[in-house]
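For reference, the chains in residue letters:
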Amino acid sequence: MSFVAKLINIGFGNAVNSQKIVAVVSPDAAPVKRMVQSVKGTKSLIDATQGRKTKAVIVTSDDYLVLSALQPETIARRFAEAYEYEDKGEIHE
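The following paragraphs examine the structure supplied in this document. As the structure is a computational prediction, the values presented were derived from the model and not from experiment.

### With respect to the side chain of T49
At step 1: Relative to the helices and strands, T49 resides in the loop between β4 (45-47) and β5 (56-60).
At step 2: Residue classification places T49 among the buried positions, given a relative accessible area of 2%.
At step 3: Filtering out sequence-adjacent residues up to four positions away, T49 remains in contact with F12, T54, L67, S68 and A69.

Encoded structure:
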């Protein structure tokens, strides 16, 4: 697998660098809520929900939290699909 950065669509025309994603988690768990509250109002929180309900929190290796209105499963599937095509040799660079 090559290490070319891929952008993963996280909804409403927003994208995240797939190489920076550490985790995609549900915002409902108390520890995740605390993480979001601790960075609220700082440059470390990126709200990509376009005013909709937050359904996923993306944790990046650069210590950013990205809020998305897509389900974590949807984002994970898009991530897997991006690399699945490469593994099959369908992406040529």
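### Thoughts on the environment of A76
At step 1: By the secondary structure assignment, A76 is in helix α2 (residues 72-87).
At step 2: A76 sits in the partly exposed class, given a relative accessible area of 40%.
At step 3: Placed 52 residues apart in sequence, A76 and V24 show a C-alpha to C-alpha distance of 7.2 Å.

### Examining the sheet that holds strand β6 (residues 65-68)
At step 1: Pairing within the open sheet is mixed, and its four strands lie in the order β3-β5-β6-β4. The open sheet terminates on both sides in strands that have one partner only, identified here as β3 (21-25) and β4. The sheet shows a mean angle of 20 degrees between the axes of neighbouring strands, taken without regard to direction.
At step 2: The pairing of β5 with β6 spans four bridges and is antiparallel. Among the inter-strand pairings, V57 is bridged to a residue of β6, identified as L67.

### Overview of the pattern of salt bridges
At step 1: Scanning the entire structure with this criterion turns up two salt bridges.
At step 2: Put simply, D62 and K20 hold a salt bridge, and the shortest N to O gap is 3.5 Å. Placement of D62 in the loop between β5 and β6 and of K20 in the loop between β2 (14-17) and β3 is noted, with a sequence separation of 42 residues between them.
At step 3: Taking the relative accessible area as the measure of exposure, D62 reaches 41% and is therefore partly exposed.
At step 4: For K20, a relative accessible area of 31% puts it in the partly exposed group.

### Topic: the packing of aromatic side chains
At step 1: Evaluated as defined, the whole model comprises one aromatic pair.
At step 2: For the pair F79 and Y83, a centre-to-centre distance of 5.2 Å together with 50 degrees between the ring planes defines the contact as tilted. Highlighted residues: F79 and Y83, both in helix α2, separated by four residues, approximately one helical turn.
At step 3: What makes Y83 buried here is its relative accessible area of 10%.
At step 4: Over the aromatic face of Y83 sits the side chain of K6, whose NZ or CZ is 5.6 Å from the ring centroid.

Reading guide: rules and limits
Residues numbered from 1 in each chain as written. Predicted model: local features only at pLDDT ≥ 70, side-chain atom pairs only at ≥ 80, totals over all residues. Heavy atoms only, no water. Helix = DSSP H or I, 4+ residues; strand = E, 2+ residues; numbered from the N terminus. Buried < 20%, exposed > 50% of the residue type's maximum accessible area, 1.4 Å probe, protein only. Contact = heavy atoms within 4.5 Å. Pairing = 2+ DSSP bridges. Axes fitted to C-alpha atoms, helices over the stretch in contact; angles between N-to-C directions. Salt bridge = Lys/Arg side-chain N within 4 Å of Asp/Glu carboxyl O. Phe/Tyr/Trp six-rings, centres within 6.5 Å; stacked < 30°, edge-to-face > 60°. Lys NZ or Arg CZ within 6 Å of the ring centre and 35° of its normal.

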